[in-house]
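# Notes for the structure review
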Amino acid sequence: IGLLVVLATFAVYAPSIGYDFIYLDDDKYIVENPVVSGGFSMAAVKTAWTESTESYWAPLLWMSFMVDIELFGMEPWGFHLVNVLLFSMNAGLLYGLVRSWTGRTGVALAVALLWALHPARVESVAWVVERKDVLSGLFILLGIGAYVEGHRGNLRHGLTLAWLCMAIGGMVKQIVIVMPAVMLLLDVWPLERTNWNRV
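Okay, so let's go over this structure.

Conventions and cut-offs
- Residues numbered from 1 in each chain as written.
- Predicted model: local features only at pLDDT ≥ 70, side-chain atom pairs only at ≥ 80, totals over all residues.
- Heavy atoms only, no water.
- Helix = DSSP H or I, 4+ residues; strand = E, 2+ residues; numbered from the N terminus.
- Rg over C-alpha atoms; globule rule 2.2 N^0.38 Å.
- Areas by Shrake-Rupley, 256 points an atom, 1.4 Å probe, with all protein chains shown as cover.
- Lys, Arg positive; Asp, Glu negative; His and termini not counted.
- Charge placed at Lys NZ, Arg CZ, Asp CG, Glu CD.
- 1 Å grid on protein atoms, 1.4 Å probe; cavity = no way out; pocket = protein on both sides within 12 Å on 5 of 7 lines; lining within 4 Å.
- Points joined across faces, edges and corners; volume = space filled by probe spheres on them.
- Patch = residues over 30% accessible without salt bridge, like charges linked within 9 Å, V, L, I, M, F, W, Y side chains within 5 Å.
- Salt bridge = Lys/Arg side-chain N within 4 Å of Asp/Glu carboxyl O.
- Buried < 20%, exposed > 50% of the residue type's maximum accessible area, 1.4 Å probe, protein only.

### Here's the deal with the overall build of the protein
Per the secondary structure count, the protein includes 11 helices and zero strands. Along the protein, helices and strands appear, N-terminal first, in the series α-α-α-α-α-α-α-α-α-α-α. Here the protein has a C-alpha radius of gyration of 18 Å; the compact-globule value for 199 residues is 16 Å, and the two agree. For the protein, the accessible area works out to roughly 9900 Å², and carbon and sulfur atoms hold 66% of it. Here the protein holds 12 positive side-chain charges and 16 negative ones, and the gap between their average locations is 15 Å.

Have a look at this one:
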C-alpha cells in the first residue's frame, strides 16, 4: 500500500516534469546562480558551505541542484523530476510512519493521500526552488520516525539520528527548527510519555 501511495503521488505530479523554470526565483537560484549553474565542483561546494548565496545558507539545497545539473544539464525537466521523486518518497514515508504509529492501514492511507494530494502541496513540487520544502521534509519525516522508534526501543541511537536529521534538514531549509516542538507532540502521542496537562 505504501508503494501505491508513492506511485499515485508520482502520477498526480508527473505532469509538472514537463514544466519550464518559473522565472520568479528559479533564475536567481539556479540559472543565474554561479554556485549552482556550473555543476558540481570543489570550488562550488566550498562556496555553498561558506557563503550565503542569495542571502540564504542552504549548502545541501545548492548541492542537490549541482547534482541535477551534472545529471540533466540545465534542462528543467530533470529538476522537476527530482522534486516529484522526492515528494513521492515523502508521501510513502508518511504513510509508513502513520501506519506504524496507529496500526491502522486506512487511517495511514487517508492521512498520506490527504497530505500528498492537497492543493497546498502543488507549489512545493511544481516550483523547482521549492526543492527546499520537499528535501527538508524528507529529513523531518526521517527524524520524527527515528525519534519515535528510538523511544520505542526499535532503533538503536534513534534519538541521535533524529537530531542528526534535524541538523541535516537545517542545511536545506531552516524550518526544521520546529522539530523539537513536533517531538514534544510525539511524546504525547503516539509515545504517551507525557500528557496534554503536563505539556
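Still more ground to cover, so stick around.
### Details of the layout of surface pockets
Roughly 240 Å³ of volume is contained in the largest pocket. As for the largest pocket, its lining consists of 13 residues, of which W115, R121, D133, G137 and I140 are closest to the centre. Taken together, the elements giving at least two residues each to the lining of the largest pocket come down to α6 (76–102) and α9 (131–151). Sorting elements by how many residues they give to the lining of the largest pocket places α9 first, with six residues.

### Some remarks on a nonpolar patch on the surface
On the surface, L184, L185, W196 and V199 cluster together into a nonpolar patch covering about 410 Å² of accessible area. Looking at the element boundaries, W196 is found in the segment after α11 (179–188).

### Examining the pattern of salt bridges
Taken as a whole, this structure holds five salt bridges when the rule is applied. The salt bridge involving R131 is made with D68; its shortest N-O contact spans 2.5 Å. Remark: D68 occurs in helix α5 (residues 59–72) and R131 occurs in helix α9; sequence separation between them is 63 residues. Assessed through its relative accessible area of 0%, R131 is described here as buried. With a closest N to O distance of 3.7 Å, R152 and E149 form a salt bridge. For R152, a relative accessible area of 33% translates into the label partly exposed.

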